Amino acid sequence: VAEVVFRKRCGTPARSAGLHAIQDNAADKRAVEIAPEFGVSLRDHHAVLLTHDLLAPYDLIVAMDRFNEARLLHRYPEAAAKIVMLGTFAPQHLPGDEIPDPFLLDECAIRDCYRTIDACVGQLAECLEALS
């Protein structure tokens, strides 16, 4: 979700990848169905496993929760200066700056997650624009 929202908002390359992704798995059906409500599509999205080669060319690496941030730092310590929590850009405080994964939750939680990601990406986009 963050990848497609970021590309839509910023018009710059972004790539979603997971530390435990099952390569080429399609996005959750419910997330695919809800995406158009937020002006994006996940129909062509497929999971990608994060690797050093995939990570290296990017200037910014976004984590959604502290567990994944810690795993990123452990596996890729050379990327420490690039890693940020997306939740730190939330207009309202998020506990631990975390964006909960709605994977096993209901459609309401998925919509809440989309709203949170959209708001955070919007704030991040403003910060990046101010730097350029």
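Structure's up top.
Just so it is clear, the structure is predicted and the values come from calculations on it, not from any experiment.

### With respect to the environment of Glu-107
Inference 1: As for its position among the elements, Glu-107 is in helix 5 (residues 107-131).
Inference 2: When its relative accessible area of 36% is taken as the criterion, Glu-107 is described as partly exposed.
Inference 3: Considered as a pair, Glu-107 and Ser-41 are 66 residues apart in the sequence and their alpha carbons are 16 Å apart.
Inference 4: Sequence-distant contacts of Glu-107, that is, excluding residues within four places in its chain, are made with Arg-30 and Ile-34.

### Quick word on the pattern of salt bridges
Inference 1: Throughout the structure, instances matching the rule amount to nine salt bridges.
Inference 2: In this structure, Arg-66 and Asp-97 form a salt bridge, with 3.3 Å as the shortest nitrogen-oxygen distance. Placement of Arg-66 in helix 4 (residues 66-75) and of Asp-97 in the loop between strand 2 (83-85) and helix 5 is noted, with a sequence separation of 31 residues between them.
Inference 3: In this structure Arg-66 comes out as partly exposed when scored by relative accessible area, which is 34%.
Inference 4: Through salt bridges with shared partners, a single network forms among Glu-3, Arg-7 and Arg-15.

Definitions and limits used
- Along each chain, numbering runs from 1 in the same order as the chain's sequence is written.
- Reporting in this predicted model follows two pLDDT cut-offs: at least 70 for local features of residues, and 80 or more for side-chain atom pairs to be given and counted; totals over whole chains, interfaces and linings ignore these cut-offs and use all residues.
- Neither water nor hydrogens contribute to the side-chain values; these are computed over all heavy atoms in the structure.
- Only runs of H or I of at least four residues qualify as helices and only runs of E of at least two qualify as strands under DSSP, and these elements are numbered from the N terminus.
- Classification of residues uses two cut-offs on accessible area relative to the type maximum, computed with a 1.4 Å probe and protein chains only: under 20% is buried, over 50% is exposed, and between them is partly exposed.
- The criterion used for residue contact is that any of the two residues' heavy atoms lie within 4.5 Å.
- Salt bridge criterion: a side-chain nitrogen from Lys or Arg within 4 Å of a carboxyl oxygen from Asp or Glu.

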